[in-house]
Amino acid sequence: MNEHDASRTREGMSRRTFLGRLLGGSLVLALLGSVRALWRFLTPPITTPAPPPVPVPDASSLAPGGLLYIAPARAYLARDEHGYFAISAVCTHLGCLVDQTPEGFRCPCHGSRFAPDGTVEAGPAAHPLPHLALRQNADRQVVIDRTQTVPPDARLTPSLG
Amino acid sequence: MTRMMRVLTSTRRRRRLWQRHQSILYALHPDRLPAESIRLTYTFGLGGISILAATLTILTGLFLTLYYQPTPEEAHASIVLIEDVVAFGSLIRALHYWAAQLFVLAVTLHMARIVFTGAYARPRRLNWLIGLGLLVLVLLWDFSGYVLRWDEGAHWALLVGTNLVGRIPHLGRSLYLVLVGDRQIGEAALLRFYGWHVIGLTLPVVFGIVYHLFRLRVDGGISRPPRPAGRPRRMVSKEVLFQRETIAALLITGGLLLLSALRPAPLGASASLDRPPPTAQAPWIFLWVQRLLRHLPPFWAGVGIPLALLTLLAAIPWLDPHARAGRWFDRRRGPVQALFAFIALLLIVLTVGEVIP
Amino acid sequence: MKHPVRWTVGAALFLLLAMAFAWWRTGQAEWQQWQRRYNAAHPDDPIPLGIRSITPSRTGQPELCTTCHVGIEEISPSHPLETFGCVSCHGGNGLALDRERAHAGLVGGRNPSGFATMARACNCHSHTGQAGRDGVERVGRSLMATYAGGIALVRHAFGAQPDQEGRYGVMAAQDPNPPPGFVAALKPLPVSAPDELMPALAAQGVTASGHPIDTRFRRSCLEGGCHLSEPATPQPYRYRSTGCAACHYLYADDGLYRGQDPTIPRDEPGHGRLHRLTTAIPFSQCNHCHNRGNYSLRTMAFTPRPDLPPAGPSLSDFLPRQQRRLAEYYQPIGQFTLCEWELDCIDCHTSDEVMGNGHIADAVTDSQVVRCRTCHGTLWELPQTAPITAEDEPAMRQAQLNGHGKLRVGDRVVVTPRGEKMWAVREVAPGRFVETLKVSGEEVEVPLVYGSACQQKPDEQESRYCHACHAYPRDDALKPFLSPP
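Residues numbered from 1 in each chain as written. Chains lettered and ligands numbered in written order. Predicted model: local features only at pLDDT ≥ 70, side-chain atom pairs only at ≥ 80, totals over all residues.

Participant: Even after reading the chapter, I still don't get the overall build of chain C, so can you show me in this structure?
Facilitator: Broken down by element type, chain C carries 22 helices and 10 strands. If one aligns the C-alpha atoms of chain C with their principal axes, the spans along those axes are about 115 × 60 × 60 Å. Within chain C, buried positions represent 32% of all 485 residues. (Helix = DSSP H or I, 4+ residues; strand = E, 2+ residues; numbered from the N terminus. Buried ≥ 20, exposed ≤ 12 C-beta atoms within 10 Å, placed from the backbone.)

Written out as structure tokens, the structure reads:
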């Protein structure tokens, strides 16, 4: 503090100003804090858990070269000569479900096109359709795990009977 | 009774009916205002139409809340109940829908009128921003109402819209959670959109309109062309304006009723998130965004460009700091008008391009 | 503005008109129009206009179907409206009153009992675990549905298979425990060439046989109106439904609806006579497929009867009732006895014969076991009988369902060679048999061969031997009534 301040302190102005600013600052902080509290209020505390693996009821009926849409898993189950694989039907652009076409897959929302193995052929999507992990459960059913992705060349060769 | 009849039938006294009965709406009008301000071909009454449409929408919406159920299992079925079973349900829902669409259309045209008559000029710059804020709120209001149908179109529009928000860098994840209330669309999202639509957006819009009107009065009332030199400005009493508003209100309400009786509000099939959407179309107000999404990366198409356009619009009063409110299409405001026309044309072309495959 | 008062009044009038129009329009909903139409057709017994709701006890959910479908007949006394409602069988959206919305999700369209949907819609008649109650499974394996015998005969005739064993059916079928003479599995009808195998067919398990007759047979004969899984040919005398309803839902010969539901047009052929399921099925229902004409394997074509539409005018239109029945019953080439046209088809062709006994038959001789002697006995013995032992055994239930049956536990009834009890033919006194006609309810005494002057031999019991003496002279009987063509 210099003598200039000291003079104002004597007149009492700077204390008022100081306290006023302190109060105003506290109010601003409180306001910011309230905004943050509101943001935290709006953020959901509990979210629905990750979806459980989806068993495919009759995977053995799928012939090699065929494609089966599994609605609860939002995925297509496919089979080739090496085994089973599952392609997610959720378009990597903005999340719509893709349709099956003779040439692969097509998303009805913005026109993205994918090859039968999920690679992007055209359209606004920038990433290929992921392949979802496949397993067998205790009842020997093929099970699709939506929470895990696998490389596109991964195959499941189920042990039957 | 005879006093009332005498009052009603007397030509001279008829005009003072609402004066005598102290109508609040009447009292809120300015006592005298320039005749040019209220000429139909100057303002087209778009601001008033907007307020009337908003009032009808809110009123009909109130009645709809008594039947609508905001859960994924019941939402669509409750709307079917309103449409098919509840007496006059279809009419009230249609009125809600058409009044809301008229509202959106009217505020957009009102904004155009403001630009082309230069009514954004000082001292109305703050009001311009308030109006723009109201426009954004109104579009969100329209979209949230569309979502509540929980039919196939609404479902996928919600999915795409919220996934778009989630793509915003850094903020996107938490914004998505706040908007949707869960990791994916479901019960929480519907409830939140219901809360926003019914009260969360209604209150800001209502207060916004009130403040918008207040600022209008403070800023000097409805804009008007400049006074021709040498001649006094012709003023009229609020009587005249109130009469015109009454006529407009009666005509527009009647027109909306007619439309509602002839064309029910649309309702698609019940939503199923497990099957691909049969046709995917955004609500008409966002068709231009859908068109952009086909060709541009999601962030730019869905967030970047709309925000940029909004910023451009917001900047209009500052892009033309020496503008003065006045005639339509005044040459001196040419660049700003051209910019606005360009933006409007762009949106129209994008929308049309999405509708016609 | 000039004349603001006039404008205000005009605008107010416009609003009033708009309100009046909206009010009027609200009363023009489709369901209200149907109800008005119903009331116009029932001036002495109108219903109050309004939404009609049923809450069936089986689902506990209200259904508004009868708002438009006012006066539709209850489907059957075994399926009362208060218990089943409409949605239990038909699916759809019971809480909507808009036509498309209400009918979205309808099981099987107009007919939930079609082969594709009967397992779902008629699921009470499926996998019950009780003998004789699994109508869905029985019909799925029956000869009428699979046509396994006919297919085997045709394919054998053209060299597509080495014998007449059933291998293919119109629909696939499986039976884990086939008795001797019955088939374990039927595959769906094949196509001839691999390139004819559309993905939709392949998904059903259809294969390519490589033999040219298969696709030809499929296209000429088995598709397009000839068999129970196909929709009917839209011609007089041929209107029918598919699946369970093909037999149990009666159609008039002109295909017109004669009930009270205002939504079903009464002048549009192709609707059942009434919205009713019945077990009292008259011969005319069977005649919608059978006795319609002849097909030629050589030309793979069907030649309709010349005396009934569509090939010729209806002979029966100008005949009295009894003669009409005679004229329509069998084709002019047929040989039959008096009882064979005075009774209805189902009086002899029992439930096991028509709906199958739960096993896959591949020949008519495996399905049809009732003979003349089943009811009439032989010169040396009375008809075989068996007692009714339980209140809920199949024969008792059939008798109750039919409504004309007077059966009681302890009664003795005629039994088929396969052990099926024919509830309608009962032994009222030792050596005396009375038949209750299943459609009309009339009772007739059964003439017995035992103790008569019949000259039959024990090894000549086929119907042609009985026809040799007892054949009814059809042309002679009709001649006095026929006008020159």
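Participant: Mind showing me how you'd approach the overall build of chain B here?
Facilitator: Scanning chain B from N- to C-terminus turns up 17 helices and 2 strands. For a compact globule of 357 residues, the expected C-alpha radius of gyration is about 21 Å, and chain B comes in at 23 Å, within 12% of that figure. Along the longest, intermediate and shortest principal axes, the C-alpha atoms of chain B span 70 × 55 × 35 Å. By the burial criterion, 38% of the 357 residues in chain B qualify as buried. Residue pairs at least 24 apart in sequence account for 80% of intrachain contacts in chain B once pairs closer than 6 positions are excluded. (Rg over C-alpha atoms; globule rule 2.2 N^0.38 Å. Contact = placed C-beta atoms within 7 Å.)

Participant: Can you walk me through the interface of chain C and chain B in this structure?
Facilitator: A common way to report how large an interface is uses the accessible area buried once the components associate. Contact residues are listed per partner, giving 23 residues for chain C and 22 residues for chain B. At 14 residues, the largest contribution of residues to the side of chain C that touches chain B is made by helix H1 (residues 4-26) of chain C. Taken together, the residues of the side of chain C that touches chain B break down into 18 nonpolar, 2 polar and 3 charged. (Nonpolar A, V, L, I, M, F, W, Y, C, P; charged D, E, K, R; others polar.)

Participant: What am I meant to see in the arrangement of the chains here?
Facilitator: In this assembly 2 pairs of chains touch, with chains A and B having more contacts than any other pair. Between chain A and chain C there is no contact; the minimum C-alpha to C-alpha separation amounts to 9 Å.

Participant: Whenever I open this one, the environment of Thr 350 of chain C confuses me. Can you help?
Facilitator: Residue and element names in this part refer to chain C. Structurally, Thr 350 can be placed in the loop between helix H16 (345-348) and helix H17 (351-355). Here the alpha-carbon distance between Thr 350 and Val 369, two residues 19 residues apart in the chain, equals 9.4 Å. With residues near it in sequence (within four places) discarded, Thr 350 still touches Val 370, Thr 416, Glu 420 and Met 422.

Participant: Please explain the domain arrangement of chain C as it appears in this structure.
Facilitator: All names here are of chain C. One can read the domain layout of chain C as domain 1 (1-106), domain 2 (138-345) and domain 3 (367-474). Centre-to-centre, using C-alpha coordinates, domain 1 lies 39 Å away from domain 2. Taken together, the contact pairs 12 residues of domain 1 with 10 residues of domain 2. In terms of residue class, the side of domain 1 that touches domain 2 is made up of 7 nonpolar, 3 polar and 2 charged. (Domains from an automatic or database assignment.)

Participant: Can you help me understand the sheet that holds strand E8 (residues 120-122) of chain A in this one?
Facilitator: Two strands in a sheet stick together by hydrogen bonds in their backbones, pointing the same way (parallel) or opposite ways (antiparallel). As summarised here, the arrangement of the 4 strands in space is E5-E6-E7-E8 (chain A), forming an open sheet in which the pairing is antiparallel. Two strands lie at the open edges of the sheet, namely strand E5 (99-101) and E8 of chain A, each paired on one side alone. (Pairing = 2+ DSSP bridges.)

Participant: Sorry if this is basic, but what is going on with unusual backbone geometry here?
Facilitator: Generally, phi is negative for residues other than glycine and the peptide bonds are trans, each holding for most cases. All names here are of chain B. Of note, the amide linkage connecting Arg 122 to Pro 123 takes the cis form, showing an omega dihedral of 0°. With a phi angle near 60°, Phe 44 is a residue other than glycine that sits in the positive phi range. Tracing the backbone shows Phe 44 in the loop between helix H5 (40-43) and helix H6 (46-64). Given 15 C-beta atoms within a 10 Å radius, Phe 44 is considered partly exposed. Even without glycine at this site, Trp 150 takes up a positive phi of about 55°. With respect to the helices, strands and loops of the structure, Trp 150 is situated in the loop between helix H9 (125-148) and helix H10 (152-166). Residue Trp 150 is classed as buried on the basis of its C-beta count, with 25 C-beta atoms lying within 10 Å.

Participant: For this particular structure, what's the right way to read the packing of helix H15 (residues 287-295) of chain B against helix H17 (residues 334-355) of chain B?
Facilitator: Helix-helix packing: each pair is described by the crossing angle between the helix axes and the interaxial distance. Residues and elements named next belong to chain B. Following both chains from N to C, one finds H15 and H17 inclined at 75°, their axes separated by 8 Å at the closest point. It follows from the interaxial angle that H15 and H17 lie roughly perpendicular. Contact with H15, carried on its side by Leu 287, Trp 288, Gln 290, Arg 291 and Leu 292, involves Leu 347, Leu 350, Thr 351, Gly 353, Glu 354 and Val 355 of H17 and no other residues of that element. (Axes fitted to C-alpha atoms, helices over the stretch in contact; angles between N-to-C directions. Parallel < 35°, antiparallel > 145°, perpendicular 65-115°, else oblique.)

Participant: I tried to follow the interface of chain A and chain B on my own but got confused; where do I start?
Facilitator: Contact with chain A, which involves 20 residues of that partner, is made by 24 residues of chain B. Considering only residue class, the side of chain A that touches chain B consists of 11 nonpolar, 7 polar and 2 charged.

Participant: I'm lost on the sheet that holds strand E2 (residues 173-174) of chain C in this one. Help?
Facilitator: Spatially, E1-E3-E2 (chain C) is the arrangement adopted by the 3 strands of the open sheet, whose pairing is mixed. The outermost strands of the open sheet, each flanked by one partner alone, are strand E1 (168-169) and E2 of chain C.

Participant: Just to check I follow, could you spell out the confidence of the model for chain C for this structure?
Facilitator: A low pLDDT means the predicted coordinates there should not be read in detail. All names here are of chain C. Scored by pLDDT, chain C comes out at a mean of 89, with 99% of its residues at no less than 70. Across chain C, strand E7 (residues 412-415) holds the top mean pLDDT of 95, while helix H10 (residues 199-203) sits lowest at 75. Among the scores for the predicted complex, ipTM is 0.87 and pTM is 0.85. (pLDDT = per-residue confidence, 0-100.)

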